[in-house]
Amino acid sequence: MPTPEAGTTVNADRAPESTTDTLTYHSIFDSANDIMVGFLERIPYFVASLIVILIFWFLSILFKKIVHKLLGSRSRHQNLVKVFQRVGGALIIFIGFMIAMVIAVPGFTPAKLIGALGIGSVAIGFAFKDIFQNLLSGILLLLSEPFRIGDQIVSGDYEGTVEDIKIRATTIKTYDGRQVVIPNSDLYTSALTVNTAYKQRRLQVAVGIGYEDDIEAARAEILRALDKADSVSTKAQPSVIATGFGGSSIDLTVRWFIEDGTQANKVASIHQVIVEIKKALDAAGVNIPFPIRTIDLSDPSVSAIVDKMQTQQSPATDPQAAK
């Protein structure tokens, strides 16, 4: 039977553990309560920060509209207008974000953010090298304006109409209706063809005439055919040049200019010119020969093959041999 002294000893051992658990619970509760109270106290600051961001977002939209109203009528500098709109709008939003952070986060200052970025500048530079390169290339493209929205360009394997020039990439629509996003660094550092940079554009097609035909007569007929094509520019004289002796024809190169260098007008003009040239040469009796291949039957190997074929066919065709 336990003695009173033993029961007292057990209760004395459990008392410190119970006290420690109670203090831990109180500490956790007080910490959670302090966090909740601090969060509730910061709610007005969070709301104020959100209002500041919305105000600066509205100011960025207003800034873009003002820039478009002041400079949008200058068609020669549309890319420069986009630079002002996008860079200026982004800067306004960034300033608003910094002010909102100062309001919402106690002890936050722009200097601390700059210091933190300075510490990790090398890592950030490696991580975002391509992004920064595209951003800088986009700004330089918008400032130098090698092409504008609506121009038709060729970059590498892609050709189409420029739909948008963004800070990071340029969007073009190909002639078969696909959208291609090209990084600005590729456009800025690689060769680029702008088909609509100038109003006029020269086109050419190859025409072959027979060796028996007169070159000057055929040339005159082709020039008269070009006069009938309304897509051919009258501001530049077309030309017909003999360029070589082909396998079955004399090769002529027909060159002319069009006033609208877009892809649709180019295709339509080539079709019209080919139709008119074909009509004119047919009417004048000028031959447009097919490719001709000459087979030399004087070679002994050819004679041996012919004799063998005749030998194989003779049993089936000769009634005497069949018997």
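Residues numbered from 1 in each chain as written. Predicted model: local features only at pLDDT ≥ 70, side-chain atom pairs only at ≥ 80, totals over all residues. Heavy atoms only, no water.

Structural notes on unusual backbone geometry
Logical step 1: Positive phi outside glycine occurs at Glu145, with the angle close to 55 degrees.
Logical step 2: Looking at Glu145, the relative accessible area reads 16%, which means it is buried. (Buried < 20%, exposed > 50% of the residue type's maximum accessible area, 1.4 Å probe, protein only.)

Focus on the pattern of salt bridges
Logical step 1: By the definition in use, this model includes 3 salt bridges.
Logical step 2: Note that Arg224 and Glu221 form a salt bridge whose closest N and O atoms lie 2.7 Å from each other. Placement of both Arg224 and Glu221 in helix H7 (residues 215-228) is noted, with a separation of 3 residues, approximately one turn of the helix.
Logical step 3: Lys278 is the salt-bridge partner of Asp282, the closest N and O atoms lying 2.4 Å from each other. Remark: Lys278 and Asp282 occur in helix H8 (residues 263-284); sequence separation between them is 4 residues, near one turn of the helix.
Logical step 4: You can call Lys278 partly exposed: its relative accessible area is 43%. (Salt bridge = Lys/Arg side-chain N within 4 Å of Asp/Glu carboxyl O. Helix = DSSP H or I, 4+ residues; strand = E, 2+ residues; numbered from the N terminus.)

Focus: the pairing of strand S1 (residues 152-155)
Logical step 1: As paired elements, S1 and strand S2 (residues 158-165) share 4 bridges and run antiparallel to each other. Among the inter-strand pairings, Val154 is bridged to a residue of S2, identified as Glu159.
Logical step 2: Taken together, S1 and the strand that follows it, S2, pair antiparallel across an intervening segment of 2 residues, in which Gly156 is found at a positive phi of about 65 degrees.
Logical step 3: Note: S1 against strand S5 (residues 193-194), 2 bridges, orientation antiparallel. Bridging from a neighbouring strand, Ile153 pairs with Val194 of S5. (Pairing = 2+ DSSP bridges.)

A short note on the side chain of Thr174
Logical step 1: One can find Thr174 in strand S3 (residues 169-174).
Logical step 2: Taking the relative accessible area as the measure of exposure, Thr174 reaches 8% and is therefore buried.
Logical step 3: Only 2.4 Å separates the side chain of Thr174 from the side chain of Asp176, close enough to count as a polar contact.
Logical step 4: Beyond its immediate stretch of four places on either side in the chain, Thr174 contacts Glu159, Gly160 and Val180. (Polar contact = N/O pair within 3.5 Å; in protein donor to acceptor, adjacent residues only side chain to side chain. Contact = heavy atoms within 4.5 Å.)

Details of the nonpolar core
Logical step 1: Residues Val207, Ile222, Val254, Trp256, Val273 and Ile277 are the most contacted members of the largest nonpolar core, which totals 22 residues.
Logical step 2: When residues of this core are traced back to their parent elements, those giving at least two are strand S6 (201-209), H7, strand S8 (250-258) and H8.
Logical step 3: In contact with Val207, other than residues within four places in its own chain, are Ile222, Ile250, Asp251, Leu252, Val254, Ile277 and Leu281.
Logical step 4: One finds Phe147, Val162, Ile167 and Leu187 within the second-largest nonpolar core, a separate group that totals 13 residues. (Core = buried A, V, L, I, M, F, W, Y, C linked by side-chain atoms within 4.5 Å.)

What about the packing of aromatic side chains?
Logical step 1: Overall, the coordinates contain 1 aromatic pair when judged by the stated rule.
Logical step 2: Here Tyr211 and Phe245 contribute two aromatic rings whose centre-to-centre distance is 6.4 Å and whose plane-to-plane angle is 10 degrees, an arrangement assigned as stacked. One end of the pair, Tyr211, is in the loop between S6 and H7; the other, Phe245, is in strand S7 (residues 239-245), and 34 residues separate them in sequence.
Logical step 3: On the basis of relative accessibility, which here comes to 43%, the residue Tyr211 falls in the partly exposed class.
Logical step 4: We classify Phe245 as exposed; its relative accessible area is 70%. (Phe/Tyr/Trp six-rings, centres within 6.5 Å; stacked < 30°, edge-to-face > 60°.)

Structural notes on the confidence of the model for the protein
Logical step 1: Taken as a whole, the protein shows an average pLDDT of 80; of its residues, 75% reach a score of 70 or greater.
Logical step 2: Here helix H10 (residues 319-322) is the element of the protein with the lowest mean pLDDT, 50, and S8 is the one with the highest, 95.
Logical step 3: Taken together, the stretch residues 6-10 has pLDDT below 50 and engages in 0 contacts with residues farther than four places along the chain or on a different chain. (pLDDT = per-residue confidence, 0-100.)

A short note on the packing of H7 against H8
Logical step 1: It is the contact of H7 with H8, at a shortest axis distance of 8 Å, that shows an interaxial angle of 135 degrees. When the axes of H7 and H8 are compared, the pair comes out oblique. Of the two elements, H7 crosses H8, and the hand of that crossing is right-handed. Seen from H7, the contacting residues are Ala218, Glu221, Ile222, Ala225, Leu226 and Lys228; seen from H8, they are Val273, Glu276, Ile277, Ala280, Leu281 and Ala284.
Logical step 2: In the contact of H7 with H8, the residues fall into 9 nonpolar, no polar and 3 charged. (Axes fitted to C-alpha atoms, helices over the stretch in contact; angles between N-to-C directions. Parallel < 35°, antiparallel > 145°, perpendicular 65-115°, else oblique. Left-handed = near helix turned anticlockwise from the far one by under 90°. Nonpolar A, V, L, I, M, F, W, Y, C, P; charged D, E, K, R; others polar.)

A closer look at the sheet that holds S8
Logical step 1: Spatial strand order, S6-S8-S7: 3 strands in an open sheet with antiparallel pairing. A strand with exactly one partner marks an edge of an open sheet, and here the two such strands are S6 and S7. Taken over all neighbouring pairs, the strand axes of this sheet differ in orientation by 25 degrees on average, direction set aside.
Logical step 2: Docked against the sheet, H7 engages S6, S7 and S8, running at close to 25 degrees with respect to S8.
Logical step 3: Contacts from H8 reach S6 and S8 within the one sheet, and its direction differs from that of S6 by about 30 degrees.

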